[in-house]
Amino acid sequence: MSSKRNIVVTGFGLFAGYTDRNPSWEAVKLLPDMYEFKYVQYRIDKLLVPVEFDAVDEVVPQIWKGEPTLVIHAGVHGGIETINLEKCAYTSGYCRPGLARKNDLNKNGKRLSLQTKLDVDFIAKELTIGDVRCCCSTEVGTYLCGYIYLKSLEVDQERTLFVHVPDVDRPYSSEQTKDILFQILHQCMKQLDAKHKL
């Protein structure tokens, strides 16, 4: 059981191609400060993460030091028009300066990965209603989105999820993306509760 009763949701800062705003942070910062689940109040800590490998290396241990109930990382993917729930993060091959880009492969020649234990297929199905389209993905990438996911999965695969969001207004506004992120958070909490992890 989490002693702090907090949930952490992160978004990324500015980088090339997104020099005015990052859609992930635009949505994350709109989340409420508190969330109630089964008559228990949880604080939602919203963190802006700089687009730097060193920043991720610093932020992730700080997040988990606080014993959060749930951690959701969000990042932008300019090539999608859906909300993508990422199933896994690769264990190697990251585009980090000074880091060898070797790929860890299994005996079948496939890249090794760590997977979340949250049922993302179920969440995607539950939240794909009307104009909202949620998909599952196994391609979080080998830049910072994949890297932050890997670092959190290395700590706790039960309580970690990464969500890729599209550009603002393509098709969702920041407010709509925030609402979808909140529903994802709620679905994750229901799963943790069902597994007696709260």
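Scroll up to find the structure this text is about.
Residues numbered from 1 in each chain as written. Predicted model: local features only at pLDDT ≥ 70, side-chain atom pairs only at ≥ 80, totals over all residues. Heavy atoms only, no water.

Draft legend 1. Expanded view of the pairing of strand S1 (residues 6–12). Across the seven residues that make up S1, a large majority, seven, are buried. Relative to strand S4 (residues 70–76), S1 runs parallel, the two sharing four bridges. Note that in S4 the partner of Thr10 across the bridge is His73. (Buried < 20%, exposed > 50% of the residue type's maximum accessible area, 1.4 Å probe, protein only. Helix = DSSP H or I, 4+ residues; strand = E, 2+ residues; numbered from the N terminus. Pairing = 2+ DSSP bridges.)

Draft legend 2. Fine view of the packing of aromatic side chains. Inspection of every chain in the model, using the stated rule, returns eight aromatic pairs. Between Tyr35 and Phe37, the ring centres sit 6.3 Å apart and the planes meet at 25°, which makes this aromatic pair stacked. With respect to burial, Tyr35 and Phe37 carry one shared label: buried. Taking 5.8 Å as the distance between ring centres and 85° as the angle between the ring planes, the aromatic pair formed by Phe53 and Tyr143 counts as edge-to-face. Highlighted residues: Phe53 in helix H2 (residues 53–65) and Tyr143 in the loop between strand S8 (134–137) and helix H4 (144–153), separated in sequence by 90 residues. Three or more aromatic residues joined by ring pairs make a cluster, and in this case those are Tyr35, Phe37, Tyr42 and Phe182. (Phe/Tyr/Trp six-rings, centres within 6.5 Å; stacked < 30°, edge-to-face > 60°.)

Draft legend 3. View of the side chain of His164. Of note, His164 is situated in strand S9 (residues 160–165). A distance of 2.8 Å separates the side chain of His164 from the side chain of Glu86, its partner in a polar contact. Once residues lying within four places of it in the same chain are set aside, the contact partners of His164 are Gly75, Val76, His77, Ile80, Thr82, Ile83, Asn84, Glu86, Val140 and Cys145. (Polar contact = N/O pair within 3.5 Å; in protein donor to acceptor, adjacent residues only side chain to side chain. Contact = heavy atoms within 4.5 Å.)

Draft legend 4. Examining the nonpolar core more closely. One finds Phe12, Leu70, Leu161, Val163, Ile184, Leu185 and Met189 to be the most contacted residues of the largest nonpolar core, which totals 55 residues. Non-local contacts of Leu185, meaning those with residues more than four positions away in its chain, are made with Ile7, Val9, Tyr35, Ile44, Leu70 and Ile72. (Core = buried A, V, L, I, M, F, W, Y, C linked by side-chain atoms within 4.5 Å.)

Draft legend 5. Quick peek at the packing of H2 against H4. Close contact between H2 and H4 brings their axes to 10 Å; oriented N to C, the two are set at 30°. Relative to H4, H2 is oriented roughly parallel. Crossing angle aside, the handedness with which H2 passes H4 is right-handed. Of the residues in H4, those touching H2 at Phe53, Val56, Asp57, Val60 and Trp64 are Leu144, Tyr147, Ile148, Lys151 and Ser152. Residue classes in the contact of H2 with H4 are distributed as seven nonpolar, one polar and two charged. (Axes fitted to C-alpha atoms, helices over the stretch in contact; angles between N-to-C directions. Parallel < 35°, antiparallel > 145°, perpendicular 65-115°, else oblique. Left-handed = near helix turned anticlockwise from the far one by under 90°. Nonpolar A, V, L, I, M, F, W, Y, C, P; charged D, E, K, R; others polar.)

Draft legend 6. Representation of the pattern of salt bridges. Inspection of every chain in the model, using the stated rule, returns 12 salt bridges. In this structure, Lys197 engages Glu158 in a salt bridge whose closest nitrogen and oxygen atoms are separated by 4.0 Å. Of this pair, Lys197 sits in the segment after helix H5 (174–194) while Glu158 sits in the loop between H4 and S9; the two residues are 39 residues apart in sequence, bridging distant segments of the chain. Classification of Lys197 by relative accessible area gives partly exposed; the value is 29%. (Salt bridge = Lys/Arg side-chain N within 4 Å of Asp/Glu carboxyl O.)

Draft legend 7. Structural context of the sheet that holds strand S2 (residues 34–37). An order of S2-S3-S1-S4-S9-S5-S8 is seen for the seven strands of this open sheet, with the pairing classed as mixed. Both edges of this open sheet fall to S2 and S8, since each of them pairs with a single strand only. Geometrically, the sheet is characterised by an average inter-axis angle of 25° between neighbouring strands, direction not taken into account. Inspection of the sheet shows strand S5 (residues 83–86) paired to S9 by three bridges, in the antiparallel sense. Opposite Glu86, over in S9, you have Phe162 as the bridge partner. Docked against the sheet, helix H3 (residues 120–127) engages S5, S8 and S9, running at close to 160° with respect to S8.

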